[in-house]
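So you can see what is in the structure, the chains are spelled out below.
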Amino acid sequence: MALQAAGRQSLVDTVVDALRAQLTAGTWPVGERIPTEHALAEQLQVGRNTVREAVRVLVHAGMLRSRQGEGTFVVSCTDPGAVMRGVQRAGVRDVLELRIALEAEAARLAAQRHRPDDLDRMRAALDAQAALEAAGGQPFGGDLELYADHDVAFHRAVVEAAHNTALTATYAWFSSSVREALVSSLGDELMPRIVHGDHRAVLDAIASGDPEAAEKAARALLEPPKRAVEKLLAER
């Protein structure tokens, strides 16, 4: 199967796409060693250097792993980058629903596992947000972007208080989408305003050590914007 491309870099991209397609199709199962550079170069009718660069891209993407002296093995048949790009392209409702799923579970775990410094970070974020609004004398203290940053900092502190490495890493990446959706909704008059009491309720439930109350408070916090988005979508 000969691959055609306009230039060297585009040819590498083409090989990356071809290998990714074989990985997602299960041509080589997870844990199996992929063919050698020589074999892949012959199969795709490209140079070995091109194959080497393409494999390096997929190693970086987390689909492959190279072992010195042993070869390159399949780690995942799913491209994490493709998953992340899908989240970035998601609509506001999809982002909110994913937020609810992640943050409700995080709050439940945080109620069981939080430490004093976790609560301190949550309080600091809420205090900074309230101070900004009070000092500005106008909505969001006159600085919508900073206001959103304080809000995201609170939610990240809740997630980090769950002390689950995978959850923290996932939310750390996801928080960019959360912030983007938040900035958009803060500037939309049809979306409900942030209620500080709802945030405090999450904090208080976590501090009390009540997992069910913490999960319920986290869901209640995001329910108003979710209903507003669903209403707007239904009216379109």
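Residues numbered from 1 in each chain as written. Predicted model: local features only at pLDDT ≥ 70, side-chain atom pairs only at ≥ 80, totals over all residues. Heavy atoms only, no water.

Enquirer: Would you mind going over the overall build of the protein with me for this structure?
Expert: Helix and strand counts for the protein come out as 10 helices and 2 strands. Order of helices (α) and strands (β) in the protein, N terminus to C terminus: α-α-α-β-β-α-α-α-α-α-α-α. Each of the 236 residues in the protein was classed as buried or not, and the buried ones make up 37%. The contacts of the protein with a sequence gap of at least 6 include a subset with a gap of at least 24, amounting to 68%. Split by element, the accessible area of the protein, about 12,600 Å² in all, is 52% carbon and sulfur. (Helix = DSSP H or I, 4+ residues; strand = E, 2+ residues; numbered from the N terminus. Buried < 20%, exposed > 50% of the residue type's maximum accessible area, 1.4 Å probe, protein only. Contact = heavy atoms within 4.5 Å. Areas by Shrake-Rupley, 256 points an atom, 1.4 Å probe, with all protein chains shown as cover.)

Enquirer: Just checking my understanding: could you explain the pattern of salt bridges for this structure?
Expert: Pairs may arise between side chains of opposite charge once their charged atoms sit close together. On inspection of all chains with the given rule, the structure shows 15 salt bridges. A salt bridge links Asp-118 to Arg-121; its shortest N-O distance comes to 2.5 Å. Of this pair, Asp-118 and Arg-121 both sit in helix 6 (residues 116-136), 3 residues apart, which is roughly one turn of the helix. You can call Asp-118 buried: its relative accessible area is 1%. What makes Arg-121 partly exposed here is its relative accessible area of 36%. Of the charged contacts in the structure, one is a salt bridge between Arg-123 and Asp-120, with a shortest N-O distance of 3.6 Å. Remark: Asp-120 and Arg-123 occur in helix 6; sequence separation between them is 3 residues, near one turn of the helix. Note on Arg-123: relative accessible area 34%, which makes it partly exposed. Through salt bridges with shared partners, a single network forms among Asp-117, Asp-118, Arg-121 and Glu-160. (Salt bridge = Lys/Arg side-chain N within 4 Å of Asp/Glu carboxyl O.)

Enquirer: Hey, could you run me through the nonpolar core in this one?
Expert: Most often, soluble globular proteins have nonpolar side chains that are buried together. With 20 residues, the main nonpolar core has Leu-19, Leu-23, Trp-28, Ile-34, Leu-58 and Leu-64 as its most contacted residues. If you list the elements that add at least two residues to this core, you get helix 1 (8-24), helix 2 (37-44) and helix 3 (48-60). With 7 residues, the single largest contributor to this core is helix 1. Beyond its immediate chain neighbours, meaning those up to four positions away, Leu-19 contacts Trp-28, Leu-40, Leu-44, Ala-54, Val-55 and Leu-58. (Core = buried A, V, L, I, M, F, W, Y, C linked by side-chain atoms within 4.5 Å.)

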